[in-house]
Every structure is written in C-alpha cells, then in structure tokens.
Amino acid sequence: MVRTGETVKDTRQPQPKTKIMAIAGEDVLWQETLSQLLEELIQGRLLVTSEVDISSEQYSQHIQVIDLAHEALMSGWEEFAQWRDKYRQILRLRDRVDDAFKIWDANGRKNEDLMMGGLLRLVKKNWADLQIELDARAKDFYKRSDTNEREQALSNKNLQDNLRRI
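Scoring rules and cut-offs
Residues numbered from 1 in each chain as written. Predicted model: local features only at pLDDT ≥ 70, side-chain atom pairs only at ≥ 80, totals over all residues. Heavy atoms only, no water. Helix = DSSP H or I, 4+ residues; strand = E, 2+ residues; numbered from the N terminus. Rg over C-alpha atoms; globule rule 2.2 N^0.38 Å. Buried < 20%, exposed > 50% of the residue type's maximum accessible area, 1.4 Å probe, protein only. Contact = heavy atoms within 4.5 Å. Areas by Shrake-Rupley, 256 points an atom, 1.4 Å probe, with all protein chains shown as cover. Pairing = 2+ DSSP bridges. Core = buried A, V, L, I, M, F, W, Y, C linked by side-chain atoms within 4.5 Å. Polar contact = N/O pair within 3.5 Å; in protein donor to acceptor, adjacent residues only side chain to side chain. Patch = residues over 30% accessible without salt bridge, like charges linked within 9 Å, V, L, I, M, F, W, Y side chains within 5 Å. Salt bridge = Lys/Arg side-chain N within 4 Å of Asp/Glu carboxyl O. pLDDT = per-residue confidence, 0-100.

**Brief notes about the overall build of the protein**
- Scanning the protein from N- to C-terminus turns up eight helices and five strands.
- The N-to-C order of helical and strand elements in the protein reads β-β-β-α-α-β-β-α-α-α-α-α-α.
- Here the protein has a C-alpha radius of gyration of 19 Å; the compact-globule value for 166 residues is 15 Å, and the former is much larger.
- Its C-alpha atoms give the protein principal-axis dimensions of roughly 70 × 40 × 35 Å.
- Within the protein, the proportion of its 166 residues that are buried is 31%.
- Put simply, 53% of the contacts in the protein that link residues at least 6 apart link residues at least 24 apart.
- Total accessible area on the protein stands at roughly 11,400 Å², and carbon and sulfur atoms take up 51% of it.

As structure tokens, this is what we get:
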C-alpha cells in the first residue's frame, strides 16, 4: 500500500483487496489470518476501504480497495518506517516488476515486453526475498520472462553452433 521512492518521498498506493489477499496464496489458514489482520487495521482506523468500479471495453468489475488511512502513518508509525527502510531495495524492485507487468499486460502480453536484461537478473538474484512481495500474476510474469530468456539463449547458442559449422 506504499510506493517506495528511491530518493523521493514514499507515497500511498491503494491496492485491490484481492491483490493483498493473494499474498496468502492457497493457504486457507494464512488467508483467514490476513483477512482478520486487515479487518483489525480497518477497525483501528489505520487502513480504509472503498469500492471502485473498473470498466473497459471487455469487462466491468466492482472491487474493494484498501489504502492507508493517512499518509502521516508512513512517517509517524515507527515500526512501519523501520520495516520500509530495512526492505527499501526489495520494495523498489517489487514496484519495478509491477510496472513492467502492467506494461506487458497492457500491450497484449507479448514476449517482447517480458522482463529481460538487468531487471530480470536483479529479480533472479533477489528471488528469495522478493517472491513473498509478489502476487500470483507477477510471479507468473517472472516465470514467463525467465523461460523466454532461457529459450532465447538456447536459440542463440544453436544459431552460433550452426554458424561455426559453416
């Protein structure tokens, strides 16, 4: 629910409740625990909810969005601020993956828009810490990107091998 800035101030970033709940994966106990935690934070007025209608030519959807109650929580809530500082680089990487996913998704999920190069290497290097921060769609995006890079590398190797034979 926070967009972590590199050298600029962090900002609130409302999230669909389904995206937050996706953190729990298929684990029913973890889903219940996370749902209870969200409800307690809402009751304690640290988080707020709203209903949003999202429409496009293909579909219309009504979703619940969760947000920080006030931006002052990011600096005034000491434990939260310490956690953000500790995990700042992972959170920035998560945001970069999320941005890349949105571009890939908006452009019709073409292979040419998958992660590659430096971003993909950073995700691989930090996967152990990063994967808990990603929802199922972002994890799938990473796996597709990794598979695509491996296939391209194999194709390039085969091409080089064939050229050497000539």
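Having seen the structure, we can now continue with the description.
**Thoughts on the sheet that holds strand 3 (residues 15-16)**
- Strands sit in the order 3-5-4 across an open sheet of three strands; the sheet is antiparallel. Of all the strands in the sheet, just strand 3 and strand 4 (47-55) have a single pairing partner and so form its edges.
- Strand direction decides the pairing type here: strand 3 and strand 5 (residues 60-68), joined by two bridges, are antiparallel. Looking at strand 5, one finds that proline 16 is bridged to valine 65.

**Quick look at the pairing of strand 5**
- The pairing of strand 4 with strand 5 spans nine bridges and is classified as antiparallel. Looking across to strand 5, one finds that valine 48 is bridged to aspartate 67.

**Structural notes on the nonpolar core**
- Counting residues in each nonpolar core, the largest one holds 17 residues, and the members touching the most others are Val97, Met115, Val123, Leu130 and Phe141.
- Elements supplying a minimum of two residues to this core: helix 5 (88-106), helix 6 (117-125), helix 7 (127-130) and helix 8 (136-165).
- In this structure, valine 123 is in contact with Leu93, Val97, Met115, Leu130 and Tyr142, ignoring residues within four places of it in sequence.
- Counting residues in each nonpolar core, the second largest holds 12 residues, with Ile20, Met21, Met74 and Phe80 among its members.

**Looking at the environment of glutamine 15**
- Within the secondary structure, glutamine 15 is located in strand 3.
- What makes glutamine 15 buried here is its relative accessible area of 11%.
- Taking C-alpha positions, glutamine 15 is 9.7 Å from leucine 68, a pair spaced 53 residues apart along the chain.
- A polar contact is formed between the side chain of glutamine 15 and the side chain of lysine 19, at a distance of 3.4 Å.

**Topic: a nonpolar patch on the surface**
- On the surface, Ile23, Trp30 and Ile132 cluster together into a nonpolar patch covering about 290 Å² of accessible area.
- Within the element layout of this structure, isoleucine 23 appears in the loop between helix 1 (17-21) and helix 2 (28-43).
- Accessibility expressed as a relative area gives 38% for isoleucine 23, which makes it partly exposed.

**Structural notes on the confidence of the model for the protein**
- Scored by pLDDT, the protein comes out at a mean of 84, with 92% of its residues at no less than 70.
- No element of the protein has a lower mean pLDDT than strand 1 (residues 2-3), which averages 66, and none a higher one than helix 6, which averages 94.

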